[in-house]
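So you can see what is in the structure, the chains are spelled out below.
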Amino acid sequence: MLRRKPTRLELKLDDIEEFDMVKKELEVHRKKQQEEVDVVGGASAASSDSKSRDQLINERIGYKPHPKPNNLPSLFGNLQF
């Protein structure tokens, strides 16, 4: 394998300006996402006091569990022997 000398990279003014623009765009985008999360998270945080985490997840995915009866006759219906 042949080795060559490292290539020197030159950073131009245009490259620096482009980097700064992209960096600012990313920061603005992240701030918008954070604000959206805060707005949505603030509404769910207030309701989380009254509801458990499982209830919030079930509500979000549309699952509505039915409570199971605790007595034996209701488990087996009206069976008569």
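This one's a predicted model, so the numbers in the text were calculated from it and none came from an experiment.

## A look at the overall build of the protein
(1) Moving on: Summing up its helical and strand segments, the protein has three helices and zero strands in all.
(2) Moving on: Listing each helix as α and each strand as β along the protein from the N terminus yields α-α-α.
(3) Moving on: When the 81 residues of the protein are sorted by exposure, 1% land in the buried category.
(4) Moving on: Taken as a whole, the protein presents about 8900 Å² of accessible surface, with 56% of it coming from carbon and sulfur.

## Digging into the confidence of the model for the protein
Low-confidence regions, as indicated by low pLDDT, have predicted coordinates that should not be scrutinised in detail.
(1) Moving on: When pLDDT is averaged across the protein, the result is 79; 69% of the residues are at 70 or more.
(2) Moving on: For the protein, helix H3 (residues 72-76) is the element with the lowest average pLDDT, namely 58, and helix H2 (residues 53-61) is the one with the highest, namely 87.

## A look at a negative patch on the surface
(1) Moving on: Together, Asp14, Asp15, Glu17, Glu18 and Asp20 line one region of the surface with negative charge.
(2) Moving on: The exposure class of Asp15 is partly exposed, given its relative accessible area of 35%.

Procedures and definitions
Residues numbered from 1 in each chain as written. Predicted model: local features only at pLDDT ≥ 70, side-chain atom pairs only at ≥ 80, totals over all residues. Heavy atoms only, no water. Helix = DSSP H or I, 4+ residues; strand = E, 2+ residues; numbered from the N terminus. Buried < 20%, exposed > 50% of the residue type's maximum accessible area, 1.4 Å probe, protein only. Areas by Shrake-Rupley, 256 points an atom, 1.4 Å probe, with all protein chains shown as cover. pLDDT = per-residue confidence, 0-100. Patch = residues over 30% accessible without salt bridge, like charges linked within 9 Å, V, L, I, M, F, W, Y side chains within 5 Å. Salt bridge = Lys/Arg side-chain N within 4 Å of Asp/Glu carboxyl O. Lys, Arg positive; Asp, Glu negative; His and termini not counted. Charge placed at Lys NZ, Arg CZ, Asp CG, Glu CD.

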